[in-house]
Amino acid sequence: MAPPVPLTSKRPTRVASGCCAVPAARVDEREGWWSRWSAALTAALCWIFLLAAVGVDHLTTVPPAIVLALYALAYLSGGAFACFAALRDLVVDRHVNVDLLMVTAAIGAATVNAWGEGAVLLALFSSSGALEHHALGRTRRAVRALMELSPDVATLLRPEGEEVVPVETLALDDVVLIRPGERVAVDGVVLDGETTIDQSAITGESMPVARCPGETVFAGTINGHGAVQVLVTKLHQENTLSRIIEIVETAQDQKSRTQRFTDAFEGRYAVGVIGASALIAAGAPLLLGWSFGDAFYRAMTLLVVASPCALVISTPAATLSALANAARHGILFKGSNHLENAGVVQIVAFDKTGTLTGGRPQLTDVVPLTAATGWDEAELLRRVAGVERLSEHPLATSVVAGAAARGLVPATATAFRAIPGQGVVADVAGSELAIGNETLFASLGREVLPDSPAAAVADRLRTAGKTVMFVGDAMGIHGVIGVADTIRPVAPAVIAQLKRLGVVRTVMLTGDSPRVAEAIAAEVGIDEVYAGLLPEEKLAVVRRLMTEGAVAMVGDGVNDAPALATATLGVAMGAAGTDVALETADVVLMADDLTKLPYAVSLSRRARRTIRQNLAFSLTVIAVLVASALSIGIPLPLGVVGHEGSTVLVVLNGLRLLRSREA
Ligand code: ADP
Ligand code: MG
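So, here is what we can say about the structure in this document. (Residues numbered from 1 in each chain as written. Chains lettered and ligands numbered in written order. Predicted model: local features only at pLDDT ≥ 70, side-chain atom pairs only at ≥ 80, totals over all residues. Heavy atoms only, no water.)

Of all five residues in strand β18 (residues 505–509), four are buried; the element is thus mostly enclosed. Where strand β11 (residues 347–351) meets β18, five bridges bridge the pair, whose relative direction is parallel. Residue pairing across strands places I347 opposite R505, the latter belonging to β18. Pairing analysis gives three bridges linking β18 to strand β19 (residues 528–530), with the strands arranged parallel. Considered in β19, the bridge of M508 is made with V529. Crossover β18 to β19 through helix α17 (residues 514–524) is right-handed. (Buried < 20%, exposed > 50% of the residue type's maximum accessible area, 1.4 Å probe, protein only. Helix = DSSP H or I, 4+ residues; strand = E, 2+ residues; numbered from the N terminus. Pairing = 2+ DSSP bridges. Right-handed = clockwise from strand over helix to strand, strands pointing away.)

Our focus in this paragraph is the sheet that holds strand β2 (residues 161–166). A sheet is described by the order of its strands in space; here six strands give the open sequence β2-β1-β3-β9-β4-β7, paired in antiparallel fashion. For this open sheet the edge positions go to β2 and β7 (216–217), each flanked by a neighbour on one side alone.

For the structure on display, the rule yields three aromatic pairs. Their ring planes at 85 degrees and their centres at 6.4 Å tell us that F441 and F470 sit as a pair that is edge-to-face. On the criterion of sequence distance, the pair formed by F441 in helix α14 (residues 438–443) and F470 in strand β16 (residues 467–473) is long-range, its members being 29 residues apart. With a relative accessible area of 0%, F441 lands in the buried category. Accessibility expressed as a relative area gives 0% for F470, which makes it buried. (Phe/Tyr/Trp six-rings, centres within 6.5 Å; stacked < 30°, edge-to-face > 60°.)

Further remarks concern the packing of helix α1 (residues 33–59) against helix α2 (residues 64–92). Their axes nearest at 8 Å, the elements α1 and α2 cross at an angle of 160 degrees. Relative to α2, the element α1 is oriented roughly antiparallel. Viewed along their axes, α1 and α2 form a crossing whose handedness is left-handed. Residue classes in the contact of α1 with α2 are distributed as 16 nonpolar, four polar and one charged. (Axes fitted to C-alpha atoms, helices over the stretch in contact; angles between N-to-C directions. Parallel < 35°, antiparallel > 145°, perpendicular 65-115°, else oblique. Left-handed = near helix turned anticlockwise from the far one by under 90°. Nonpolar A, V, L, I, M, F, W, Y, C, P; charged D, E, K, R; others polar.)

The next subject is the packing of helix α3 (residues 98–111) against helix α7 (residues 257–287). Packed helix pairs are characterised by how far apart their axes lie and by the angle those axes make with each other. Two elements in contact, α3 and α7, have axes whose closest approach is 9 Å; the angle formed by their N-to-C orientations is 20 degrees. Considered as vectors, α3 and α7 are oriented roughly parallel to each other. Every residue of α7 that contacts α3 at V98, L100 and L101 is listed here: E266, A270, V273 and I274. Residue classes in the contact of α3 with α7 are distributed as six nonpolar, no polar and one charged. (Contact = heavy atoms within 4.5 Å.)

Before going further, it helps to spend a moment on the site of ligand 1. Every one of the 23 residues lining ligand 1 counts as a neighbour, but D351, E388, H393, T510 and N559 are closest to it. Between ligand 1 and N437, the relevant distance is 3.4 Å, taken from an oxygen atom to a side-chain nitrogen or oxygen of the residue. V468 places a main-chain nitrogen or oxygen 3.2 Å from an oxygen atom of ligand 1. Contact with the protein chains removes 98% of the 550 Å² of surface that ligand 1 exposes when unbound. (Near = heavy atom within 4 Å. Polar contact = N/O pair within 3.5 Å; in protein donor to acceptor, adjacent residues only side chain to side chain. Areas by Shrake-Rupley, 256 points an atom, 1.4 Å probe, with all protein chains shown as cover.)

Relative to the helices and strands, T357 is located in the loop between α11 (352–356) and β12 (362–368). For T357, a relative accessible area of 0% corresponds to the buried category. In this structure the side chain of T357 is engaged in a polar contact, spanning 3.0 Å, whose partner is the backbone nitrogen of G354. Setting aside residues up to four positions removed in sequence, T357 forms contacts with K352, D485, T486, I487, R488 and I520.

Assignment of secondary structure puts A154 in strand β1 (residues 153–158). Sequence separation between A154 and R183 is 29 residues, and the spatial gap between their C-alpha atoms is 9.5 Å. If we skip the residues at most four places from it in the chain, A154 touches E163, V164, V165, V167, L170, V176 and A185.

Burial analysis of strand β21 (residues 569–573) places five of its five residues in the buried class, the great majority of the element. Along β21, one buried face is formed by L569, V571 and M573 and the opposite face, lined by G570 and A572, is buried too. Sheet topology note: the strand β20 (residues 551–555)/β21 ladder contains four bridges and is parallel. Within β21, the residue paired with G555 across the bridge is A572. Once you follow β20 into helix α19 (residues 561–566) and on to β21, the crossover reads as right-handed.

Here it is, written out as structure tokens:
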């Protein structure tokens, strides 16, 4: 198999806290054997040398130099990464981290001849680092798997013949050939040929979809039985797959609020601990008359037990595990901050078309109003389909499919433009044709009058729960199209589940008419309806709701983008949905599966709970150990075990979030 495509270079990601004695791996690098296993290997080596040293020391009479050498090896394997991380932070970022504390403590222990304690410290420290690396590795491997989906080369069709070229060199409007069984290398539109495509890699939907000329395909999906020519519509680095990879990659860089707080705290705290230890080592012999060795030993104990290792790892151990869990369920959080936000949501606002409804509406009614044009049903639909072919709206898709089912060849349309939340306009056969709702025609100055035949037809269709589109031009309204947009079967259960999870209000925001909106809302169990909204009005409603609580906005369309960007949590439906929705949302439900929403909320709650447990636990342990180190004085080994033990427990507690649990 060909090697995965190297992505364009990214800044190196320094992940999580200073507490992970892990080489600074770059996520976009191809993950090699070393970067995957080095942390575990060095931790294991450290344990082996430590046990060997202890064993040799107790059981035999070998010269002390050999024991010392074994300890030195344990130090080296357990502490090398921590040492690098500490120095890099100190020199490059002028920042003191816990790695530095640990390395100082271990060296300090060695200077008072407590090699064993120092080695135990490093062994446990590197083990918790390895555990954390394991949690991170899941995300890294997910990225790598995604990158392997995308072929490196494509078959470019030129006038002089076929040529296999790297995908990065493809330009917009190039035409590529995709043979049966091949992975699609580009985002594009089918020009010629018919096929079925397995889109599960992008949409999660396992049923292959049929693809004819005019329809879109995504890079990373698998072509079925037909050979098709595809027009490239997105450059390689902008295609959907590349953007998903980018989201996954950057997610772990986006720190949550809690983590930013503990990070800021870490540096100052670490300096404080080093200062206090130095003070005890130097001051206690002078002021309290302790022996120097005694004071130094206590100072080292303090250094170890007061280190905030468990504290700084508390949050990332939980959030990174939860992010990996979410990704496995097709929930793409763009960062830990959004993960934390999902748990506090009190109000959920849904878009109607394509979100609460299936997004695969059926064309049911084509009603020509022939007075001005003489168009019959077929002619009307032929023209409408010609325009809608250029739109990516779910309603448009249903019209095009309806026309195809009736064996109609769509008319040619040019000068297409979409007005989000209202409709579309294009030139057909020399005149401008508009398709959309009342608002569209009002803004074009061709009001749909309440007592007109068009309004009567619309009324009849809406009473039957259908979504209505008017068709008209400069001369007036020439027809009405009716579409039955059925709710997603899971929607009522999802709403009920959100209520059980403590969401207080559910709201629908739609550009469709109030009558249809109310009917759908009643069917799925939505509390409040705002209908006939323009995109900026959706935004205004979300703003107002946000004064009453944290708001999640769930949507799929261009007209949802402003609201998605503003809400506490923007949720986009489907990675194959509209680009802007994918771009502006904070979470993407890849498989277009609404049931993932309650899952995300409850996962977030679990993560928040785990973080709180971890923080409370690690703070308590530090307080108890520091208090006893300063008062009664505890032996260093006990301090090491208490301190590192709590770190390991905190990481393990975080790793529990890798397990799925139903919402
Ligand atoms: P929602 O907010 O429920 O997702 P939209 O705002 O996308 O719905 O659409 C609102 C209304 O605008 C639709 O009911 C329809 O009348 C009109 N409309 C939007 N896009 C199109 C289109 N491509 N073709 C025709 N009508 C459209
Ligand atoms: Mg929509």
